[in-house]
Amino acid sequence: MSRNYKIAVVPGDGTGPEVVREGLKVLKAVSEISGFKYTLKEFDYGAERYLKTNKVLSDSALAEFKKFDAIYLGAVGDPRVKPGILEQGLLLKMRFGLQQYINLRPVKLYPGVWTPLRDKGPEDIDFVVVRENNEGLYVGEGKFIKKGTKNEVALQVSRNSRSGVERCIRYAFEFTRKRNKRKKLTLCGKTNVLTYAWDLWERTFGEVAKEYSDITTDYAHVDATCMWMVKNPEWFDVIVTDNMFGDIITDLGAMIQGGMGIAAGGNINPQGVSMFEPIGGSAPKYTGKNLINPLAAICALGMLLDELGEEEAATTIEKSVMHVTANKLKSLSAGKMGYSTSEVGDLVAENLSRG
Ligand code: IPM
Ligand code: MN
């Protein structure tokens, strides 16, 4: 790939535009250091547009994203719009429609960052969750039986295809190998209760594992995973899990790494267009106040560059973020950082040359 990237930017709702602005500030600065080029195209999908047009994201608009090398997303969600409409119509539509079948969520405690886990430090909290991102309970299959009666039953289907599970597990093994840390991959499931879905996951995991003799494998039930993430996070290197469990355990992960202010994620289609986002949401109460922490969005930008093959630029950003957490910020929480949103962006941009 030439080092000239077409990046689609969707600032989205709430504090999305504020944090994306800081990410783009860092992008400009790091491109000058690393010597790559890029063009940006901004899209106004989100609550404002929906309220005006009553449409979220059409199929042809979705298809347009396929022309880009990557998508940079701010946040989705607005208190004026009924919950679910923007989440399903925009975020999930992009994840599914662009076949971003991996949701990659690093859980890494940076130096100087407060964690609620007493006695745990950056050497203990450094793992990555590989969340399946196109199937499971998120497919929206189900039905009501006798809706509105006292005998009502609601069914919500978790769909797990062999090919969908296998491509996710294969990605996780490859990722564990490339990451080259403890070379340990933990399957997080619920084999003791969800005996169809997790039978398929466990069988597939076992079969694929045979091709990766250099990787140590492990299994933990999702409830126990929550326990170990708090008690012994140092046990984890890479965790692979389904869509729903991945959603839940990565919020826990975000908390032990210092909060939503730092948690970033990538929605990855290894053969297509991937989308990167801070995972914290639109934080309506902080909107427009220049108080929200942009580090999660900046870290998401680092992941975007890494996926494009600009590993050096990604490392440069991460080192600068670490310098800022270790030496500058008082806290990662909105309004308590000791700096405004734009000042934090400036700090990361100014300290890039340290990398
Ligand atoms: C996330 C979010 C989304 C999810 C919502 C907003 C649909 O919680 O990215 O984790 O459930 O995947
Ligand atoms: Mn979530």
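Note that the coordinates shown come from a computational prediction; the quantities given were computed from them, not determined experimentally.

Basis of the calculations
- Residues numbered from 1 in each chain as written.
- Chains lettered and ligands numbered in written order.
- Predicted model: local features only at pLDDT ≥ 70, side-chain atom pairs only at ≥ 80, totals over all residues.
- Heavy atoms only, no water.
- Helix = DSSP H or I, 4+ residues; strand = E, 2+ residues; numbered from the N terminus.
- Rg over C-alpha atoms; globule rule 2.2 N^0.38 Å.
- Buried < 20%, exposed > 50% of the residue type's maximum accessible area, 1.4 Å probe, protein only.
- Contact = heavy atoms within 4.5 Å.
- Areas by Shrake-Rupley, 256 points an atom, 1.4 Å probe, with all protein chains shown as cover.
- Lys, Arg positive; Asp, Glu negative; His and termini not counted.
- Charge placed at Lys NZ, Arg CZ, Asp CG, Glu CD.
- Salt bridge = Lys/Arg side-chain N within 4 Å of Asp/Glu carboxyl O.
- Disulfide = S-S within 2.5 Å.
- Polar contact = N/O pair within 3.5 Å; in protein donor to acceptor, adjacent residues only side chain to side chain.
- Axes fitted to C-alpha atoms, helices over the stretch in contact; angles between N-to-C directions.
- Parallel < 35°, antiparallel > 145°, perpendicular 65-115°, else oblique.
- Left-handed = near helix turned anticlockwise from the far one by under 90°.
- Nonpolar A, V, L, I, M, F, W, Y, C, P; charged D, E, K, R; others polar.
- Domains from an automatic or database assignment.
- Buried area = accessible area lost by both parts, 1.4 Å probe.
- Pairing = 2+ DSSP bridges.
- Right-handed = clockwise from strand over helix to strand, strands pointing away.
- Near = heavy atom within 4 Å.

Kindly report on the overall build of the chain, identifying the contributing residues and their values.
Scanning the chain from terminus to terminus reveals 11 helices and 12 strands. Scaling as 2.2 N^0.38, a compact globule of 355 residues should have a C-alpha radius of gyration of about 20 Å, and the chain matches this with 20 Å. If you line up the chain on its principal axes, its C-alpha atoms span 55 × 50 × 40 Å. Considering the chain as a whole, with its 355 residues, one finds that 52% of them fall into the buried category. Taking as baseline every contact in the chain between residues at least 6 positions apart, the subset at least 24 positions apart corresponds to 76%. Surface accessibility of the chain: about 16100 Å² in total, with carbon and sulfur atoms responsible for 51%. Distance between charge centres in the chain, computed from 47 positive and 44 negative side chains, equals 3 Å.

Lay out the pattern of salt bridges with the relevant residues and their values.
A complete count under the given rule lists 26 salt bridges for this structure. Close ionic contact of Lys-181 with Asp-126 constitutes a salt bridge, the shortest N to O distance being 3.4 Å. Here the residue Lys-181 occupies a position in the loop between helix 5 (162-179) and strand 8 (184-189), and Asp-126 occupies one in strand 5 (residues 126-132), the gap between them amounting to 55 residues. Shared partners join several salt bridges into a network, and the residues in it are Arg-162, Glu-166, Arg-170, Glu-207 and Glu-211.

Now, about the state of the cysteines: what can you tell me, with residues and values included?
Applying the stated rule across the entire model yields zero disulfides. Sulfur of Cys-188: no disulfide; nearest cysteine sulfur belongs to Cys-226 and is 7.2 Å away. Residue classification places Cys-188 among the buried positions, given a relative accessible area of 0%.

Describe the side chain of Asn-243, with residues and values.
In this fold, Asn-243 is placed in helix 8 (residues 243-256). A distance of 2.9 Å separates the side chain of Asn-243 from the side chain of Arg-131, its partner in a polar contact.

Give a detailed account of unusual backbone geometry, specifying residues and quantitative values.
Among all residues save glycine, negative phi is the norm, and among peptide bonds the norm is trans. Located in the positive-phi region is Lys-146, a residue other than glycine, with phi close to 55°. Along the chain, the position of Lys-146 falls in the loop between strand 6 (142-145) and strand 7 (153-156).

Lay out the packing of helix 1 (residues 16-34) against helix 9 (residues 295-307) in plain terms, naming residues and giving numbers.
Between helix 1 and helix 9, the shortest axis-to-axis distance is 8 Å and the interhelical angle comes to 45°. When the interaxial angle is binned, helix 1 and helix 9 end up oblique. Between helix 1 and helix 9 lies a crossing whose hand is right-handed. In this structure, helix 1 uses Val-19, Glu-22, Gly-23, Val-26, Leu-27 and Val-30 to contact helix 9, whose residues at the interface are Ala-297, Ile-298, Leu-301 and Leu-305. Each residue belonging to the contact of helix 1 with helix 9 can be placed in one class, and the counts come to eight nonpolar, one polar and one charged.

Run through the domain arrangement of the chain, naming residues and quoting values.
If you check the domain split of the chain, you get domain 1 (1-99 + 272-355) and domain 2 (115-257). When the buried area of domain 1 at its contact with domain 2 is split by residue, Arg-95, Phe-96 and Ile-279 rank highest and sum to 64% of it. One can count zero salt bridges joining domain 1 with domain 2. With three residues, helix 4 (residues 85-97) is the single largest residue contributor to the side of domain 1 that touches domain 2. Residue classes in the side of domain 1 that touches domain 2 are distributed as three nonpolar, one polar and two charged.

Can you lay out the pairing of strand 9 (residues 216-221) for me, pointing to particular residues and giving the numbers?
Taken together, the six bridges between strand 8 and strand 9 define a ladder with parallel strand orientation. Of the residues in strand 9, the one forming a bridge with Cys-188 is Ala-220. Regarding the hand of the β-α-β motif, the stretch spanning strand 8, helix 6 (residues 197-209) and strand 9 is right-handed.

How would you explain the pairing of strand 1 (residues 4-12) if you had to name every residue and give the values?
As judged from the six bridges shared by strand 1 and strand 2 (residues 37-42), these two strands associate in the parallel manner. Counted as the bridge partner of Tyr-5 is Tyr-38 from strand 2. The parallel pair strand 1 and strand 2, bridged by helix 1, forms a crossover whose chirality is right-handed. Alignment of strand 1 against strand 3 (residues 70-75), held across five bridges, turns out to be parallel. Its bridge partner lying in strand 3, Val-9 is registered against Tyr-72.

Requested: an account of the site of ligand 1, with residues and values cited.
In the region of ligand 1, the neighbouring residues are Glu-87, Leu-91, Arg-95, Arg-105, Arg-131, Tyr-138 and Asp-247. Taking Tyr-138, its side chain carries an N or O atom lying 2.6 Å from an oxygen atom of ligand 1. Between ligand 1 and Asp-247, the relevant distance is 2.9 Å, taken from an oxygen atom to a side-chain nitrogen or oxygen of the residue. Surface burial for ligand 1 is 75%, taken as the share of its 320 Å² of free accessible area covered by protein chains. Grouping the constituent residues of the shell around ligand 1 by class yields two nonpolar, no polar and five charged. Both domains that furnish three or more residues to the shell around ligand 1 are identified here as domain 1 (1-99 + 272-355) and domain 2 (115-257).

An account of the sheet that holds strand 11 (residues 264-268) is requested, with residue identities and associated values reported.
Spatially, 2-1-3-12-11-4-5-10-8-9 is the arrangement adopted by the 10 strands of the open sheet, whose pairing is mixed. Two strands in the sheet have a free side with no partner beyond their single neighbour: strand 2 and strand 9. Sheet twist, expressed as the average angle between the axes of neighbouring strands with direction ignored, equals 25°. Sheet analysis places strand 4 (residues 102-108) next to strand 11, joined by three bridges and oriented antiparallel. Bridge pairing in strand 11 links Ile-102 to Ile-268. Packing of helix 8 onto the sheet brings it into contact with strand 4, strand 5, strand 8 and strand 10 (238-241), and relative to strand 5 it is tilted by some 155°.

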